[in-house]
Amino acid sequence: MKRNLQNNCQLPIVDWQFNRIAVKIGSNVLTRKDGTLDITRMSALVDQVAELHRKGVEVILISSGAVASGRSEIKVGKKLDSVSARQLYSAVGQAKLINRYYELFREHGMTCGQVLTTKENFGSRTHYLNQKHCMEVMLENKVIPIVNENDTISVTELMFTDNDELSGLIATMMGMEALIILSNIDGIYNGNPSDPSSTVIREIDGGKEDLSEYVQTSKSSFGRGGMLTKCNIAQKVADEGITVIIANGKKDNILVDLLAKDNHTVCTRFIPSDKPVSSVKKWIAHSEGFAKGEIHINLGAEEALLGPKATSILLVGVTRITGDFEKDDIVKIINEEGIQLGVGCVGYDSTEARKLIGCRDKKPLIHYDYLYLD
Ligand SMILES: Nc1ncnc2c1ncn2[C@@H]1O[C@H](COP(=O)(O)OP(=O)(O)O)[C@@H](O)[C@H]1O
Ligand SMILES: N[C@@H](CCC(=O)OP(=O)(O)O)C(=O)O
């Protein structure tokens, strides 16, 4: 939805491109080279969010920086293993980070609130909806949600790949119009960014392009996932109908410039798919990591599933079921060649489903509305 906002505080009328955005701020945007928190940059970003907020744009921030800001705060006596270090630094650093945000927003007469989450909170639909409700009520009450992973308790396999993954989940969950990923680089380069002949790819058509040949596996000094995760997440989110922009958070006025219509700011923009996707399907699409089992289907069921008509998975086309799951859990859908076709939310628990393999005239094992094909 695009609308011209009424101007009641003497600001020029700008036709914004988006009115509901998620903004992910990477660790490197918020930290100086020596690892200390870059308060000047934080303050400049808060000023921009405040400007957008005053003009009616709803903003959710996904901010990294807890570990980096904690690391520069405490000196440890004996060497810590990586998990202990991350837990200790994030516990201290997150308090410091949110406190700073709180004070900076207060200078604008605004309130921000902290939402700490873990990957597990996206695995159950109830937790998912609770988180969603929390952020909706914050936005309704003009509070800026500042989201981060709860690094103190999410360790190893329970962790998000990085906050890029988290920001994609938040943008889809909250039905944002755009996700802006701010890093320390202007966008995705078509070669090594340090090579002077490389240039920023300005536009990417959703999930259709293979970007792996451009993207190096190198990361910036405090980053976790690197550019490859940004690309994968951006393509998935754009496929769900949300514009994704990767831009340089160290540039002055970047957010306001990006949102202004007809802007020519250098960035990489992923064009969103125009096929609408239901919110349940969006949740399922991002829940693959939580799959509790596998549903193996025969060729006939595969052909029906991939055909032009919307089709549910019926027990008659199921050949094998692996894993233990409850009704409403997420499972993978596998064809006869062992290839994963997608994921879905099951209508039976695994014990009952196994008993009914091959049966006709039963309710679908996975209803079409709860099915997401790759
Ligand atoms: N093709 C590329 N274009 C842009 N950046 C790239 C590319 N390949 C690798 N990178 C690296 O990705 C880094 C950004 O990712 P990351 O370190 O995860 O940042 P953040 O902390 O913002 O999440 C850049 O600083 C750059 O070194
Ligand atoms: N939750 C961590 C963020 C880690 C992370 O993903 O960092 P980045 O790749 O800079 O977004 C922190 O606050 O330090």
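These numbers come from a predicted model, not from an experiment.

A. Region of the structure containing the environment of Phe-290. Within the element layout of this structure, Phe-290 appears in the loop between helix 9 (279-285) and strand 9 (293-297). Residues Phe-290 and Met-159 lie 131 residues apart in sequence; the distance between their C-alpha atoms is 12 Å.

B. Focus on the pattern of salt bridges. Tallied over the full model, the rule gives 14 salt bridges. Two residues, Lys-55 and Glu-51, come together in a salt bridge whose shortest N-O distance is 2.8 Å. Owing to a relative accessible area of 12%, Lys-55 belongs among the buried residues under this scheme. One salt bridge connects Lys-327 with Asp-328, and the closest N-O pair in it is separated by 3.8 Å. You can call Lys-327 partly exposed: its relative accessible area is 46%.

C. Examining the state of the cysteines more closely. As enumerated under the stated definition, the model contains 0 disulfides in all. The structure places no disulfide on Cys-267, whose sulfur is separated from the nearest cysteine sulfur, that of Cys-231, by 14 Å. Taking relative accessible area as the criterion, Cys-267 reaches 5% and is therefore assigned buried.

D. Broad picture of the UniProt feature "binding site: substrate" (unreviewed entry) in the chain. The feature "binding site: substrate" (unreviewed entry), as annotated in UniProt, sits at Ser-64, Asp-151 and Asn-163 in this numbering. The annotated residues occupy 100 residues of the chain but converge on a single region, no pair of C-alpha atoms lying more than 10.7 Å apart. Residue contacts for Ser-64: discarding those within four places in its chain leaves Lys-24, Ile-25, Gly-26, Ser-27, Leu-30, Leu-97, Asn-148 and Asn-163. You can call Asn-163 buried: its relative accessible area is 7%. Not counting residues up to four positions away in its chain, the partners in contact with Asn-163 are Lys-24, Ile-62, Ser-63, Ser-64, Asn-148 and Glu-149. A distance of 2.9 Å separates the side chain of Asn-163 from the side chain of Asn-148, its partner in a polar contact.

Here is what the cut-offs are and how they apply
Residues numbered from 1 in each chain as written. Chains lettered and ligands numbered in written order. Predicted model: local features only at pLDDT ≥ 70, side-chain atom pairs only at ≥ 80, totals over all residues. Heavy atoms only, no water. Helix = DSSP H or I, 4+ residues; strand = E, 2+ residues; numbered from the N terminus. Salt bridge = Lys/Arg side-chain N within 4 Å of Asp/Glu carboxyl O. Buried < 20%, exposed > 50% of the residue type's maximum accessible area, 1.4 Å probe, protein only. Disulfide = S-S within 2.5 Å. UniProt positions renumbered as here; feature names shortened; annotations may be inferred. Contact = heavy atoms within 4.5 Å. Polar contact = N/O pair within 3.5 Å; in protein donor to acceptor, adjacent residues only side chain to side chain.

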